[in-house]
Amino acid sequence: MEYFLIIISAIFVNNIMLAQFLGTCPFLGVSNKSSTATGMSGAVVFVITLATLVTYLINKYLFLPLHLEFLQTIAFILVIAALVQTVEIVLKKISPSLYQALGIYLPLITTNCAVLGVAINVVTKEFTFGGGSAHMLNLGEAVVYAFATALGYGLAMILFAGLREHLELNDVPKAFKGLPIALITVGIMAMAFMGFSGLV
């Protein structure tokens, strides 16, 4: 039940993009077409889950025992950048087709603040699910939370891309064309997702 609550909370209630506004630049930049939004979403799910797993282990077995918590932010940035580069190199060798599919999105993820935001949230924030007491996440919960958060980000991006494609076919007033109508649409989506706030 705990894992189910984590998943629902991360995808709908506390959506990383629509409730916390992390990862806005890639969200707005890559969501012109559904195909690019889907590719970016897949890459984000993979990188956020893997980065959270690695940073959680580094924090638990290196920073906490040595009382080096103050290094979390800079170390996590370096770990995420190194991880993305490593994944890129490994994919290029092992699966060139997957590398071609994700290749253009992987470098963008290095600068996506949602990846760093999830990693820091997992190790610093206390979570409360289902009216229980607040607690830090264990490794299993952290990975599930990261995966669900990335799915929520991907869901929001794909929905937004579909809406932007639909808006291109409609007669939008000249003053609202482009980014203004996109920002208004994101605001309306955020309000719609607020409707889930009583769920968990």
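For clarity, every value in this text was computed on a predicted model and none was experimentally measured.

## Some remarks on the overall build of the protein chain
Helix and strand counts for the protein chain stand at 9 helices and 0 strands. When its helices and strands are written in sequence order, the protein chain yields α-α-α-α-α-α-α-α-α. Taking 2.2 N^0.38 as the reference for a compact globule, 200 residues should give roughly 16 Å; the C-alpha atoms of the protein chain span a radius of gyration of 18 Å, in line with that estimate. Based on the C-alpha atoms only, the size of the protein chain along its principal axes is roughly 60 × 45 × 30 Å. Within the protein chain, the fraction of its 200 residues that count as buried is 43%. Contacts in the protein chain between residues at least 24 apart in sequence constitute 75% of all its contacts with a sequence separation of at least 6. Element-wise, carbon and sulfur atoms account for 71% of the exposed surface of the protein chain, whose accessible area totals about 10,300 Å². Here the protein chain contributes 8 positively and 8 negatively charged side chains, and the mean placements of these two sets differ by 12 Å.

## A look at the nonpolar core
Within the largest apolar cluster, 54 residues are counted, with the highest numbers of intra-cluster contacts made by L18, F27, I109, V122, Y145 and Y153. Broken down by secondary-structure element, the contributors of at least two residues to this core are α1 (2-13), α2 (24-29), α3 (34-66), α4 (72-94), α6 (106-110), α7 (113-124), α8 (139-168) and α9 (179-193). Excluding anything up to four places from it in sequence, V122 contacts T52, Y56, F127, M136, L137, A142 and Y145.

## Overview of α8
In this model α8 runs 43 Å from its N-terminal to its C-terminal C-alpha over 30 residues, within 8% of the 44 Å that 1.5 Å per residue would give. N-capping of α8 is provided by N138, with a side-chain oxygen placed 3.1 Å from the backbone N of G140.

## Thoughts on the side chain of T55
With respect to the secondary-structure elements, T55 resides in helix α3. Not counting chain neighbours up to four residues away, the residues in contact with T55 comprise F76, V79, A119 and V123.

## Details of α4
The first and last C-alpha atoms of α4 sit 31 Å apart over 23 residues, in line with the 33 Å expected at 1.5 Å per residue. Along α4, the positions that sit buried rather than exposed are Q72, A75, F76, V79, I80, L83, V84, V87, E88 and L91.

## Re the environment of V115
Mapped onto the elements, V115 comes out in helix α7. What V115 contacts, discounting residues up to four positions off in sequence, is V47, I48, A51, I80 and I109.

## Considering the packing of aromatic side chains
Centre-to-centre distance and the angle between the planes together describe a pair of aromatic rings. Counted by the stated rule, this structure contains 7 aromatic pairs. Among the aromatic residues, those joined into a cluster by ring pairs are F12, F193 and F196.

## Some words on the packing of α4 against α7
In the contact formed by α4 and α7, the axes pass within 10 Å of each other and the chain directions differ by 135°. It follows that α4 is oblique to α7 by the angle criterion. As for how α4 packs across α7, the hand of that crossing is right-handed. The segment α4 lies against α7, with Q72, T73, F76, I77 and I80 engaging V115, L116, A119, I120, V123 and T124.

## Thoughts on unusual backbone geometry
Although it is not a glycine, F21 sits at a positive phi angle of roughly 55°. Topologically, F21 is positioned in the loop between α1 and α2.

Procedures and definitions
Residues numbered from 1 in each chain as written. Predicted model: local features only at pLDDT ≥ 70, side-chain atom pairs only at ≥ 80, totals over all residues. Heavy atoms only, no water. Helix = DSSP H or I, 4+ residues; strand = E, 2+ residues; numbered from the N terminus. Rg over C-alpha atoms; globule rule 2.2 N^0.38 Å. Buried < 20%, exposed > 50% of the residue type's maximum accessible area, 1.4 Å probe, protein only. Contact = heavy atoms within 4.5 Å. Areas by Shrake-Rupley, 256 points an atom, 1.4 Å probe, with all protein chains shown as cover. Lys, Arg positive; Asp, Glu negative; His and termini not counted. Charge placed at Lys NZ, Arg CZ, Asp CG, Glu CD. Core = buried A, V, L, I, M, F, W, Y, C linked by side-chain atoms within 4.5 Å. Expected span 1.5 Å × (residues − 1). Polar contact = N/O pair within 3.5 Å; in protein donor to acceptor, adjacent residues only side chain to side chain. Phe/Tyr/Trp six-rings, centres within 6.5 Å; stacked < 30°, edge-to-face > 60°. Axes fitted to C-alpha atoms, helices over the stretch in contact; angles between N-to-C directions. Parallel < 35°, antiparallel > 145°, perpendicular 65-115°, else oblique. Left-handed = near helix turned anticlockwise from the far one by under 90°.

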